Amino acid sequence: MTDEKAPHSLNTQQVFSAFATACDGLSESEAASRLEKYGANEIKEGGKKTLASIIFAQFKNLMILVLLAAAVVSAFLGEVPDAVIIFAVIILNAVMGTVQEARAEAALDALKKMAAPSAKVMRGGAAVTVKASELVPGDIVLLEAGDHVPADIRLIETASLKIDEAPLTGESVPVEKDAGAPLSHDTALADRVNMAFSGTGVTHGRGKGVVCFTGMDTEIGKIASALGRAAENETPLQRRLNSLSKVLSFAVLAVAAVVFAVGVATGRLAFDMFLVAVSLAVAAIPEGLATVVTLQLTMGVQKMSKNGAIVRSLPAVETLGSTNVICSDKTGTLTQNRMTVQKVFYNNTERDAGALDGAEELRLLDNAFILCNDTKESADGYIGDPTETALFAFSAGRIRPEGLIETMPRLYELPFDSERKLMSTVNGGEPPILFVKGAPDELLARCTHVALNGGVETLTREMKDRIHAVNERFAQDALRVLGAAYKPLKEVPQTAEGLESGLVFIGLAGMIDPPRDEAEKAVAVCRQAGIKPVMITGDHKITAAAIAKRLGILGGGDKAVSGRELDAMDDKALEREIDSIRVYARVAPEHKVRIVKAFQSRGNVVAMTGDGVNDAPALKTADIGVGMGITGTEVSKSASDMVLTDDNFATIVKAVEEGRRIYRNIKKAVQFLLSANLSEVVTLFAGTMLGITVLSPVQILWVNLVTDTFPALAVGMESAPKDIMRRKPRDAKQSFFSEGMTFNLVFFGVVMSALTLIAYYLGAVAGGSPLAGETMAFLTLGLVQLFHVFNIRSSAKSVLHRFFENKWMHLSFVFSALLQTAVVWVKPLNAFFGVAPLNGEQWLYTLLLSFSVIPISEIVKGVKAIFRKGARHD
């Protein structure tokens, strides 16, 4: 091999010399030797999470580490119940996170398909089939329609060869290959017509070529290796929770230290104060927070999976909720990846494909499109070149193809080639008839007549100009245009000489890979939700812009730029222009990464959708990568945070809505848990200052885990407000405690603590029993939090608003209340939790104090409403 010149810039003999091979291929012994030297023709999997790494990731949280320390200290001090409960919480959280991520990886494995499992090669002068993984540089590979290209190949022979390179370049139309095309060293990847690339597919014709690169040295391999260098970003939720964990952890240590110091300074025993400090730490840390967040995300993941999405990491669900830019590949994601006839011209009339008449000229056009066509029918649909299948499908709606082909069999043909830009067939009949289809300009140059008004008329200069004008208008609409003509023959020709002349022009057909219907609606919802949809494609600028306009991505004042124009911008210039550019065409993989980084540099949360290998680096660089499960390559799916099993762009919009709902509910759950924990800290702190024991560590743990966790999970089942997709995305830098959350958290934390201390006073002082006081405080602390969860549902609307909508809220209240009170009325549990049975009066005081948090909240909401009329609140 040589590194001085790229294979596409070498002629056939130079290629043979560079790769030490010949037309007969390699011998078996030479192939085996090279396989040992270069290795298997396989893409090395990267980025796949091992079970150990998934498990380890669950513990990479400062708050979890502080909890572990508290558990170890509790066990060391002999407080076994405390230690057991804390360890149980930590393990439960780790198990849930691990199971979900492992399931996502397993689901992705189930989606994998074998790409190019075998290949036809020349070995020792004979054509044989070998495993694609056994191909080596220098092998001579034979290609035909339907084959996957198994390696990067320099073509040495082509016969009407067309290859679908959409997975690699984003080009929606198959590329016509030419083995003899002279190319320069710096020819762009998408324009290397004498090369066939690994991972692409042959749609038409046949070819032969020399394997130049295998495995990680192929273009696909280079992209796969680049994934390992792309940095993975923390999601907004991870950043917020990590920040919250750090603040809470340091606050816990600070409060515990202050209490310990004050206690010792006032003459209390250091060992007793150390136990109190541990109790405070346990009270301050919301043990259920990690579990609640994990479970809420898991429930969101399960809901999304039913809607066609597999989420590979839990925090990625919420990231979509804060996304304000979606960069999407065009082919197969925003469009159907299926060429479709949109407009036709015949009988001097321009028509939409869905508004046709029964003219004789239409019948002729249908005959030409079915008979002068290599499309094959199968149980799975039409097989062949996308352009040809589009024409075939267009006409098959009016004519039964198999009947026509049987009646008028093909007797002679001239295959399409790049010089003539035409394909011709002679079909049986009395007399036989020639049908020709191809580029309109080339076709018209060979026409002398035109099919018009049920007959044939001379093709005048005016009519030619009219046809050219229609062709140009179709092209301006980004339609791929082909024309059709015919000529009656006296007999079946024996040579091609003079055959394609004196033709009768029939008409034109304009095709495009049309937008998905649901994609157009999804783009409209994105704009309504304050999300910028951006198209990034390897297709031509005119085509991309036309599709973007139809989808609503490209509007007035928006720009479309090409990869070449992008190269002319430095990073600073791109950052200045990024907000006005909505379409990027003819881009390379490195362009996509630049675009994503430019958006991120301006504070945007970027989602990138894609299915091709060329999308993978940007998928990994983006805040969230969204891959396609059906048409997506394994490289792109492995680089994604979420995979759409239905390849439907509209599923992303559902995911955005679900992400917003999840974040909203997580925020409310965090507010509930922190206000509950604050009430415990204030209660313990006040008790310490007063020299009394209000609650023990095991009682606090019970309240945190049992009476907090289930209601917090029920908050996660709250439905989204009807206008959630008409709101702007929240700022990724927005504080977790914005929108009045801090006030609500602190105010109700103090209120619930005050109600708990009142309960203790009524039992211990007025009732004369410290144990009764502890029991009433324990019950009140748990029950007041249960009543408060109904307040959490909305910071502005009454607790009665949609009161019965969330049945899980009511079930969790009843279940948690039973668990909380069971500690008191089930005598065997009294000793373990340090409580005693209560009399009727004490129960009444406890219930009244607990319920009072609801009327207090209603009063606060009423006062707030007076000062913020017209504001929107949940």
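Computed from a predicted structure; not experimentally measured.

What counts and how
- Residues numbered from 1 in each chain as written.
- Predicted model: local features only at pLDDT ≥ 70, side-chain atom pairs only at ≥ 80, totals over all residues.
- Heavy atoms only, no water.
- Phe/Tyr/Trp six-rings, centres within 6.5 Å; stacked < 30°, edge-to-face > 60°.
- Helix = DSSP H or I, 4+ residues; strand = E, 2+ residues; numbered from the N terminus.
- Buried < 20%, exposed > 50% of the residue type's maximum accessible area, 1.4 Å probe, protein only.
- Lys NZ or Arg CZ within 6 Å of the ring centre and 35° of its normal.
- Expected span 1.5 Å × (residues − 1).
- Core = buried A, V, L, I, M, F, W, Y, C linked by side-chain atoms within 4.5 Å.
- Contact = heavy atoms within 4.5 Å.
- Patch = residues over 30% accessible without salt bridge, like charges linked within 9 Å, V, L, I, M, F, W, Y side chains within 5 Å.
- Areas by Shrake-Rupley, 256 points an atom, 1.4 Å probe, with all protein chains shown as cover.
- Salt bridge = Lys/Arg side-chain N within 4 Å of Asp/Glu carboxyl O.
- Pairing = 2+ DSSP bridges.
- Axes fitted to C-alpha atoms, helices over the stretch in contact; angles between N-to-C directions.
- Polar contact = N/O pair within 3.5 Å; in protein donor to acceptor, adjacent residues only side chain to side chain.
- Parallel < 35°, antiparallel > 145°, perpendicular 65-115°, else oblique.
- Nonpolar A, V, L, I, M, F, W, Y, C, P; charged D, E, K, R; others polar.

Participant: I'm lost on the packing of aromatic side chains in this one. Help?
Facilitator: What characterises a pair of aromatic rings is the spacing of the ring centres plus the angle enclosed by the ring planes. Applying the stated rule across the entire model yields 12 aromatic pairs. The interplanar angle of 80° and the centroid separation of 5.2 Å between the aromatic rings of Phe710 and Phe815 together place this pair among those described as edge-to-face. Remark: Phe815 occurs in helix α29 (residues 807-825) and Phe710 occurs in helix α26 (residues 697-715); sequence separation between them is 105 residues. For Phe710, a relative accessible area of 33% corresponds to the partly exposed category. With a centroid separation of 5.5 Å and an interplanar angle of 90°, the aromatic rings of Phe787 and Phe851 are classed as edge-to-face. Of the two residues, Phe787 sits in helix α28 (residues 770-792) while Phe851 sits in helix α31 (residues 840-851), which places them 64 residues apart along the sequence. A relative accessible area of 16% means that Phe787 is categorised as buried. Taken together, the ring pairs in this structure connect Phe787, Phe790, Phe803, Phe804, Phe813 and Phe851 into an aromatic cluster. The aromatic ring of Phe394 is capped on one face by Arg398, whose charged end is 4.4 Å from the ring centroid.

Participant: Looking at this structure, how should I read helix α27 (residues 741-766)?
Facilitator: Residues three or four positions apart in an α-helix share a direction because the helix packs 3.6 residues into each turn. Between the first and last C-alpha of α27 there are 36 Å, a value that for 26 residues agrees with the 38 Å anticipated at 1.5 Å per step. Once α27 ends, the next one or two residues include Gly768, with phi positive near 75°.

Participant: Just to check I follow, could you spell out the nonpolar core for this structure?
Facilitator: General note: in soluble globular proteins, nonpolar side chains tend to be found buried as a group. Membership of the largest hydrophobic core comes to 147 residues, with the highest contact counts inside it found for Leu320, Phe505, Met535 and Met642. Looking at this core element by element, the count peaks at 15 residues for helix α25 (residues 649-690). Sequence-distant contacts of Met535, defined by excluding residues within four places in its chain, comprise Ser328, Lys330, Leu334, Ala544, Ile547, Ala548, Leu551, Ile553, Arg582, Val583 and Tyr584. Counting 32 residues, the second largest nonpolar core, distinct from the first, contains Leu362, Leu364, Leu371 and Ala451.

Participant: Explain unusual backbone geometry here, please?
Facilitator: Phi is mostly negative for residues that are not glycine, and the peptide bonds are mostly trans. Located in the positive-phi region is Ala478, a residue other than glycine, with phi close to 65°. Judged by its relative accessible area of 8%, Ala478 falls in the buried class. The backbone phi angle of Arg586 is positive, close to 50°, even though this residue is not glycine. Summarising the element assignment, Arg586 is placed in the loop between β23 (581-585) and α22 (589-601).

Participant: How do you make sense of a nonpolar patch on the surface when you look at a structure like this?
Facilitator: Among the surface-exposed residues, Val72, Phe87, Ile91, Val95 and Val99 lie close enough to one another that they form a single nonpolar patch of about 400 Å² accessible area. Mapped onto the elements, Phe87 comes out in helix α5 (residues 80-111).

Participant: What should I look at first to understand the environment of Lys376 in this one?
Facilitator: Mapped onto the secondary structure, Lys376 falls in strand β12 (residues 376-378). Between the C-alpha atoms of Lys376 and Asp217, which are 159 residues apart in sequence, the distance is 35 Å. Apart from residues lying up to four places away in sequence, Lys376 is in contact with Gly381, Tyr382 and Ile383.

Participant: Looking at this structure, I do not really get α25. What am I missing?
Facilitator: Its 42 residues give α25 an end-to-end C-alpha distance of 61 Å, which sits within 8% of 62 Å, the value for a rise of 1.5 Å per residue. Extensive coverage of α25 is indicated by the burial of 35 of its 42 residues. Just past α25, the residue Gly691 takes up positive phi, approximately 75°.

Participant: What should I look at first to understand the sheet that holds strand β24 (residues 606-610) in this one?
Facilitator: The strands that make up a sheet are held in pairs by hydrogen bonds between backbone atoms, and each pair lies either parallel or antiparallel. The strand order across the open sheet formed by 8 strands is β8-β26-β25-β24-β9-β21-β23-β22, and the pairing between neighbours is mixed. The open sheet terminates on both sides in strands that have one partner only, identified here as β8 (309-311) and β22 (559-562). Pairs of neighbouring strands in the sheet enclose a mean axial angle of 20°, with direction left out of account. Taken together, the 3 bridges between β8 and strand β26 (residues 642-644) define a ladder with antiparallel strand orientation. Looking at the pairing, Val311 lines up with Met642 of β26.

Participant: It is not clear to me how the side chain of Thr387 should be interpreted in this structure. Could you clarify?
Facilitator: With respect to the helices and strands, the residue Thr387 is situated in helix α14 (residues 386-396). Residue class for Thr387 comes out buried when judged on its relative accessible area of 3%. There is a polar contact of 3.2 Å between the side chain of Thr387 and the side chain of Arg480. Leaving out residues up to four positions away in the same chain, Thr387 has contacts with Val173, Met339, Arg480, Leu482 and Met511.

Participant: It is not clear to me how the pairing of strand β9 (residues 325-329) should be interpreted in this structure. Could you clarify?
Facilitator: Residues in a regular strand point their side chains to alternate faces of the sheet. Among the 5 residues in β9, 5 count as buried, and that is most of the element. Side chains Val325, Cys327 and Asp329 project from β9 onto one buried face, and the interleaved Ile326 and Ser328 project onto a second face that is buried too. When β9 meets strand β21 (residues 532-536), the two strands line up parallel, connected through 5 bridges. Pairing of Asp329 across the sheet is with Ile536, part of β21. Of the strand pairs in this sheet, β9 and β24 are connected by 4 bridges, and their pairing is parallel. Paired with Ser328 across the bridge in β24 is Thr609.

Participant: Looking at this model, I keep getting lost on the packing of α31 against helix α32 (residues 853-867). Mind explaining?
Facilitator: Any two packed helices are characterised by the angle at which their axes cross and by the distance between the axes. Between α31 and α32, the least distance of the axes is 4 Å, while the angle of their chain directions is 20°. As the angle between them shows, α31 and α32 are arranged roughly parallel. Facing Leu849, Ser850 and Phe851 of α31, the residues of α32 in contact are Val853, Ile854 and Pro855. For the contact of α31 with α32, the residue count by class is 5 nonpolar, 1 polar and no charged.

Participant: Whenever I open this one, the side chain of Lys162 confuses me. Can you help?
Facilitator: Note that Lys162 resides in strand β4 (residues 152-164). When residues no more than four places from it in sequence are discounted, the contact partners of Lys162 are Pro174, Val175, Glu176, Gly201, Val202, Thr203, His204, Asp385 and Phe416.

Participant: Where do I start with the pairing of β4 in this structure?
Facilitator: Judged from the 10 bridges that link them, β4 and strand β7 (residues 201-213) form a sheet pairing that is antiparallel. Pairing of Leu155 across the sheet is with Gly209, part of β7. Here β4 pairs with strand β6 (residues 195-196) via 2 bridges, running antiparallel. For Ile153, the partnering residue across the bridge sits in β6 and is Ala196.

Honestly, it's all geometry; don't read function into it.
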